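# A closer look at the structure
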Amino acid sequence: MSFEWPWQYNFPPFFTLQPNVDTRQKQLAAWCSLALSYCRHHKLYTLDVLEAQESPVFNNKKIERKLSMEAIQVVFEELRKKGNLEWLDKNKSRCLVMWRRPEEWGKLIYQWISKNGMVNSVFTLYELINGDDTEGEEFHGLEEWMLLRSLQALQTEGKAEVFSMDDGKGVKFF
Amino acid sequence: MGNLLGRNTQPSRVTEQDKAVLQLKQQRDKLKQYQKKITFQLEKERCLTKLLLKDGRKEKALLLLKKRRYQDQLLDKTENQISNLERMIQDIEFMQIEMTVIEGLKVGNDCLKSMHKIMSIEDVERILDETQESIEYQRQIDEMLAGALTQEDEDAVLAELHAITQGEDIAFPEVPTEPIPEVPEAARAQPERRGAKNKPDREMLAA
């Protein structure tokens, strides 16, 4: 299943930030949804801004247009405001992308847990994202920070408890 | 961090057993990772051996095969260890389940005991007696309200019913006796004996 690009992607002006406020807002919204769906399709959880600039999302080789560094920053800032992105460093060079909120991930995981009667069991984080049992589940291959966030979301709901042992973390579902 | 947060609001629901299970699972994960590594190496070396054989470097290939063999054994051993760990994990989990079962039985037992305290045998007897009395009383009221029928009436009704059902059987053999003019002595005595019973029959026939 290949990624479906929105029509704007082949529209050259899309790659230049528009001066008109209204147009610009629509443009940013389109960029945000494009970036998020691209990450979702390729299961990306962390982005490097420099790398992102070269990736097909912001760089359409067919029409030879790419989004400038400043514009990317603006798009990312917009995503951050919406709660889908978090900077990893002060220089804003690396960021975490959350195309699905931690609560939703938590819900997915908990659904799987309760479907398989594994409530009240202990799991290692490794087991949840890399184990054979979760093969084929959406959260298989999730990055650990994301998993931890979603588990913490579950913890505030009282459905899970994260604890550590030696060097690794584990979680118990309730 | 999450753990600390959890402890602030309510006591942690993670027990010592859970921690033990986690530790075991961590070991298992490590073994699984090790297994993956070895499998990967095996695959790589297999390709390498083929290449060496193609180049005609047989001794080197043989050496690699020996190494492979050893790694194969390692893989088997790891597999065993993993299943050992998993068995242990399952044992612990099952013990936890057993504990909850016992806990449940205990609660049930206590509940039964406390209920028995409320319900003494004397009370039950008294209540049963009272109920019986009430039933009797109710029956008397019913009789009075239903009016007419006393015990004697009931008996009579029953007798009649009995006679009717009997009468149906006897009715057949009686028919051929009538046209015969001379009735033997013994036969005449019989209807006399059964007179009481046959009377209702005749009434029926007449009707």
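We now turn to the structure provided with this report. (Residues numbered from 1 in each chain as written. Chains lettered and ligands numbered in written order. Predicted model: local features only at pLDDT ≥ 70, side-chain atom pairs only at ≥ 80, totals over all residues. Heavy atoms only, no water.)

## A look at the sheet that holds strand β5 (residues 94-97) of chain A
Residues and elements named next belong to chain A. Basically, it comes down to this: The pairing criterion is simple: DSSP has to find at least two bridges between the two strands. Under the DSSP-based scheme used, a helix requires at least four consecutive residues in state H or I and a strand at least two consecutive residues in state E, with every element numbered from the N terminus. Axis angles are defined between N-to-C directions and span 0 to 180 degrees, where every axis is a line fitted to C-alpha atoms and, for a helix, only to the segment in contact.
Taken in spatial order, the 3 strands line up as β1-β5-β4 in an open sheet, and their pairing is antiparallel. Either end of the sheet is taken by a strand with one partner, and the two such strands are β1 (46-48) and β4 (85-87). Across the sheet, the axes of successive neighbouring strands diverge by a mean angle of 30°, strand direction being ignored.

## Some points on the interface of chain B and chain A
Filter applied, for reference: Two residues form a contact once any of their heavy atoms are found within 4.5 Å. Here the buried area means the combined drop in accessible surface, using a 1.4 Å probe, for two parts upon being joined, counting both sides. In the sections that follow, a salt bridge refers to a side-chain nitrogen of Lys or Arg positioned within 4 Å of a carboxyl oxygen of Asp or Glu. The term polar contact refers here to a pair of N or O atoms within 3.5 Å; inside protein, the definition further demands a hydrogen-donor-capable atom paired with an acceptor-capable atom, and it admits residues adjacent in sequence only when both atoms are side-chain atoms. Under the grouping applied here, Gly and all other residues not named as nonpolar or charged are polar, the nonpolar ones being Ala, Val, Leu, Ile, Met, Phe, Trp, Tyr, Cys and Pro and the charged ones Asp, Glu, Lys and Arg.
Between chain B and chain A, the contact holds 20 residues from the first and 23 residues from the second. If you sort the residues of chain B by the area they bury against chain A, B:Arg13, B:Leu22 and B:Gln26 come out on top, with a joint share of 30%. Where A:Glu127 meets B:Arg28, a salt bridge forms, and the shortest distance between an N and an O atom there is 3.0 Å. Our count for the chain B to chain A interface comes out at 9 residue pairs in polar contact (both at pLDDT 80 or more). At the level of secondary structure, the elements contributing two or more residues to the side of chain B that touches chain A comprise α1 (2-9) and α2 (16-55) of chain B. Examining the composition of the side of chain B that touches chain A, we find that 13 residues originate from one element, α2(B), more than from any other. When the residues that make up the side of chain B that touches chain A are grouped by side-chain class, the tally is 3 nonpolar, 7 polar and 10 charged.

## Overview of the pattern of salt bridges
Just so we agree on the cut-off: Per-residue accessibility, obtained with a 1.4 Å probe over protein chains only, is compared with the maximum for each type, and a residue is labelled buried under 20%, exposed over 50%, and partly exposed between these values.
Considering all chains together, one arrives at 21 salt bridges over all chains under this definition. The closest approach of N and O atoms between A:Glu86 and A:Arg149, which form a salt bridge, is 2.8 Å. With A:Glu86 in strand β4 and A:Arg149 in helix α6 (residues 144-156), the pair connects residues that are 63 residues apart, well separated along the chain. Exposure remark for A:Glu86: the relative accessible area of 31% places this residue in the partly exposed category. Taking relative accessible area as the criterion, A:Arg149 reaches 24% and is therefore assigned partly exposed. Salt bridges linked by common partners bring A:Glu127, B:Lys25, B:Arg28, B:Asp29 and B:Glu86 together as one network.

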